[in-house]
Amino acid sequence: MARRAFAIAPRWPCAAAVVLVLILTIGTLGAVAFRAEWSGGLSSADWAAIRFTVLQALASALISVVLAIPVARALARRQFPGRQVLITLLGAPFLLPVIVAVLGLLAVFGREGLLNTLLVAVGLSPISIFGFHGVVLAHVFFNLPLAIRLILQGWLSIPAERFRLAATLDVSVTGLLEIPMLRSVLPSAFLVIFLICLTSFAVALTLGGGPRATTVELAIYQALRFDFDLNRAALLACIQFFICVIAAVFAWRVSALGTMGAGLDRVVQRWDLSRAWLDYLMIAASALFLLVPLGMIVLRGLPGLLELPASVWPAALRSVVVAIGSSALCVTMALSLALRGGAMVAVIGVLPLAASGLVVGTGAFLIVFPFIRPADVALPVTMLVNATLALPFALRAIAPAVAQCTVDFGRLGASLNLTGWAWVRLVVIPRVRRPLGFAAGLAAALSMGDLGVITLFAGQSEETLPLAMYRLMGAYRMEAAAGAALILLALSLALFWICDRGGRVNADM
C-alpha cells in the first residue's frame, strides 16, 4: 500500500514542469554562456554598470530596512481603528505594476510633481527624480512595505510571556527582546530586498539610463535592442546571473530563524507605551509616502482616459491573455511540483529566483533568433517566462496546503486505491482551493505588470499594455500614459480579485 499521497498522484505533469523550469533557467543560461565572448573582457562601461547595480541595491535595501524598523515597531505597539486595513494595504505595492508605480512617483516627485510645485512656490530649486536617487527612491517605495511586514512578523512572534518576564524583572524591553529579535530578522530582510533590487529592470529603464545610472540588466537591453551586440549581451547576462546566485545563496544561508521560543498565544500587554505621538507620526508618514502616489495615479488617470490612442485597447487585451495563460501554467506547475514533493523539487521550485527575467529573456532570444523572427513568438515566450518567474511565490502558497492534505488523507486515499487524476480532482483540489486562487491571482497580477522580456521580443504589433504605456511616456504623452496606467492598475487588481475570490467561494471544507 502506498504510504504517501504523491505516490498515487500523476507523475508526468511534475516531470514536464521540471523540464520547463530547467530549460528556462539552466537552458537559457547555457545559451548565453555559449554565446558570451569571454576573451574580450569587460569594458569600463560594463564595470560601471556592475558598480551601479550593486550600489543602488545596497542603498535601496539599507534605506528600506532602516526606515521600516520604527514603522514596524509602532504597528506592533499600537492598536487603532483601520490598523489591519493599513497592514493589508502595505501589500499593494507588491501587486502594483512597476511602470504604474513609477508614474505615480513621477506625479509626486517628478519635474511637475507635487513636491517640486511646492519647492518652487517657496522659492527653492526643483529636484530631479532621474538617476541614482530616483532608482533608490522607487526601490524604497516598493520594498519598504515588504520590509515593514517582515520585521513586523518578528515583533509579533515575541511571546506575551517574554514581555511579562521583562516587566517582572523591570528590565528594558528594547535590550532584552527587541534588539535580539532584530538581529535575527534584519539580515534576511536586507538580503531579500537586495536580491529584488538587483533585478528590477523596469525601474532602471524609466528612472535610470545614461552612463552614470545604468544597471547590468539595462545594459543587456541596450546591447540587444540598440547595438544588437549579442556577444556582449550574453556576457552581461552571465554576470547578472552570477551576481543573483551569490545574493540568493547569502539570503538562503542567513534566513531568519525564530529565537524567541513558543508561547501560550496570550494577548501581549505592554507597559512601555510612552511617546504615542512618535509611533503615530511614523505610521502616518509611511502611509503618506506609500498611498499618495497611488492616489495620484487615479487622480491623473481619469482625465487621461480621454487621451488614449486606439492601440492601447489591443495591447490591454494581449496583456490579459498573456496574464491568464501565465497564471494557469504557473498554478499547474506549482500544483504538480507540490504533489510530487521532495528536496529536489523544492530546489527546482526556487531556481527561478536566481534567474532574472532579462537573463532568461536574453537566453530565449539567442535560442530562437537563428530559426524564427523573435517578434513572432513574443507573447508565448513572455507567457512561459512570466509563469516560471512567478513559480516560487505560487509554490510557497500551495505546497503547505498540499502537504497538509497528504498528511490528513494520504493513507485513506491509498487504501481506497484512489490514484491519479481521481485523487487530485476529488481530494486535493477541493482542499487547496484557497491557496490555488491566491497563487493564480498573484501570478496573473505579476504577469500583467511585466515589462521585462517583452521589451526584448515585441515589435509595435505585439506590445502589451505596460510596453504601450512605456512608449507613451517616452513620447512625452504623459496624460495618455496616466490613462493607460489607470487601466493597467484596474486590470491587475481585477484579475487578482477574481482569482482570489474564485478560490474562496464555497471553500469551507
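Predicted, not measured: the structure shown is a model, and the values here were computed from it.

Before going further, it helps to spend a moment on the overall build of the chain. Counting its secondary structure elements, the chain contains 22 helices and zero strands. Against the compact-globule benchmark of 23 Å for 509 residues, the chain has a radius of gyration of 24 Å, which places it among compact chains. By principal-axis analysis of the C-alpha atoms, the chain measures approximately 70 × 65 × 50 Å. Relative to its 509 residues, the chain shows a buried fraction of 52%.

So, on to the UniProt feature "domain: ABC transmembrane type-1" (unreviewed entry) in the chain. In this structure's numbering, the residues bearing the UniProt feature "domain: ABC transmembrane type-1" (unreviewed entry) are residues 50–251 and 312–499. Annotation note: span residues 312–499, helix share 81%, strand share 0%, distance between end C-alpha atoms 24 Å.

This part covers helix H15 (residues 343–350). Those residues of H15 that fall on the buried side of the exposure criterion are Val-345, Ile-348 and Gly-349. What you see down the axis of H15 is that its buried residues fit within an arc of 100°, all on one side. The exposed residues of H15 that point more than 90 degrees off its buried face are Ala-343 and Met-344. Lining the buried residues of H15 we find helix H1 (12–35), helix H14 (312–340) and helix H17 (378–415).

Looking at where Glu-178 falls in the secondary structure, it is placed in helix H9 (residues 173–198). With a relative accessible area of 3%, Glu-178 lands in the buried category. Separated by 23 residues in sequence, Glu-178 and Trp-155 have C-alpha atoms that sit 7.4 Å apart.

Turning to the pattern of salt bridges, a few remarks are in order. According to the stated counting rule, one finds seven salt bridges in the structure shown. Residue Asp-46 pairs with Arg-232 through a salt bridge whose shortest N-O separation is 2.7 Å. Here the residue Asp-46 occupies a position in helix H2 (residues 44–77), and Arg-232 occupies one in helix H12 (residues 230–253), the gap between them amounting to 186 residues. With a relative accessible area of 24%, Arg-232 lands in the partly exposed category.

Attention now moves to unusual backbone geometry. Even without being glycine, Tyr-476 reaches a positive phi, approximately 60°. Relative to the assigned elements, Tyr-476 resides in the loop between helix H21 (465–474) and helix H22 (478–504). Relative accessible area serves as the criterion here: at 72%, Tyr-476 is assigned to the exposed category.

We now examine the packing of aromatic side chains. With the rule as written, the count across this model stands at ten aromatic pairs. Centre to centre, the rings of Phe-141 and Phe-142 are 5.7 Å apart; their planes meet at 75°, and the pair counts as edge-to-face. Of the two residues, Phe-141 and Phe-142, neither departs from the other in class, the shared state being buried. A ring pair is formed by Phe-190 and Phe-194, whose centres lie 6.4 Å apart and whose planes are at 10°; its orientation type is stacked. Linking Phe-190 with Phe-194, this pair stays in helix H9, spanning four residues, or about one helical turn. Residue classification places Phe-190 among the partly exposed positions, given a relative accessible area of 23%. We classify Phe-194 as buried; its relative accessible area is 11%. Three or more aromatic residues link up through ring pairs in this structure, and these residues are Phe-141, Phe-142 and Phe-289. When the ring centre of Phe-409 is taken as reference, the NZ or CZ atom of Arg-431 above it lies at 4.4 Å.

Another aspect to go through is the nonpolar core. Counting 164 residues, the largest nonpolar core has Leu-75, Val-100, Phe-141, Ile-398, Phe-457 and Met-469 as the members making the most contacts within it. Contacts of Val-100, omitting those with residues within four sequence positions, involve Ile-297, Met-469, Ala-485, Leu-488 and Leu-489.

This paragraph deals with the environment of Ala-397. Tracing the chain through its elements places Ala-397 in helix H17. Taking the relative accessible area as the measure of exposure, Ala-397 reaches 21% and is therefore partly exposed. What Ala-397 contacts, discounting residues up to four positions off in sequence, is Pro-435, Phe-438 and Ala-439.

Together, Leu-165, Leu-169, Val-171 and Leu-176 line one region of the surface with nonpolar side chains, adding up to about 320 Å² of accessible area. Note that Leu-176 resides in helix H9.

As a further point, take the packing of helix H5 (residues 98–109) against helix H13 (residues 276–304). Two numbers describe a pair of packed helices, the interaxial angle and the distance between the axes. Interaxial distance between H5 and H13 falls to 8 Å at its minimum, and their mutual angle equals 95°. One element, H5, and the other, H13, form an angle in the roughly perpendicular class. Taken together, the residues of H13 that come into contact with H5 (itself represented by Val-100, Gly-104, Leu-105, Ala-107, Val-108 and Phe-109) are Phe-289, Val-292, Pro-293, Met-296, Ile-297 and Arg-300. Considered class by class, the residues forming the contact of H5 with H13 number ten nonpolar, one polar and one charged.

Conventions and cut-offs
Residues numbered from 1 in each chain as written. Predicted model: local features only at pLDDT ≥ 70, side-chain atom pairs only at ≥ 80, totals over all residues. Heavy atoms only, no water. Helix = DSSP H or I, 4+ residues; strand = E, 2+ residues; numbered from the N terminus. Rg over C-alpha atoms; globule rule 2.2 N^0.38 Å. Buried < 20%, exposed > 50% of the residue type's maximum accessible area, 1.4 Å probe, protein only. UniProt positions renumbered as here; feature names shortened; annotations may be inferred. Arc of directions from axis to C-beta. Contact = heavy atoms within 4.5 Å. Salt bridge = Lys/Arg side-chain N within 4 Å of Asp/Glu carboxyl O. Phe/Tyr/Trp six-rings, centres within 6.5 Å; stacked < 30°, edge-to-face > 60°. Lys NZ or Arg CZ within 6 Å of the ring centre and 35° of its normal. Core = buried A, V, L, I, M, F, W, Y, C linked by side-chain atoms within 4.5 Å. Patch = residues over 30% accessible without salt bridge, like charges linked within 9 Å, V, L, I, M, F, W, Y side chains within 5 Å. Areas by Shrake-Rupley, 256 points an atom, 1.4 Å probe, with all protein chains shown as cover. Axes fitted to C-alpha atoms, helices over the stretch in contact; angles between N-to-C directions. Parallel < 35°, antiparallel > 145°, perpendicular 65-115°, else oblique. Nonpolar A, V, L, I, M, F, W, Y, C, P; charged D, E, K, R; others polar.

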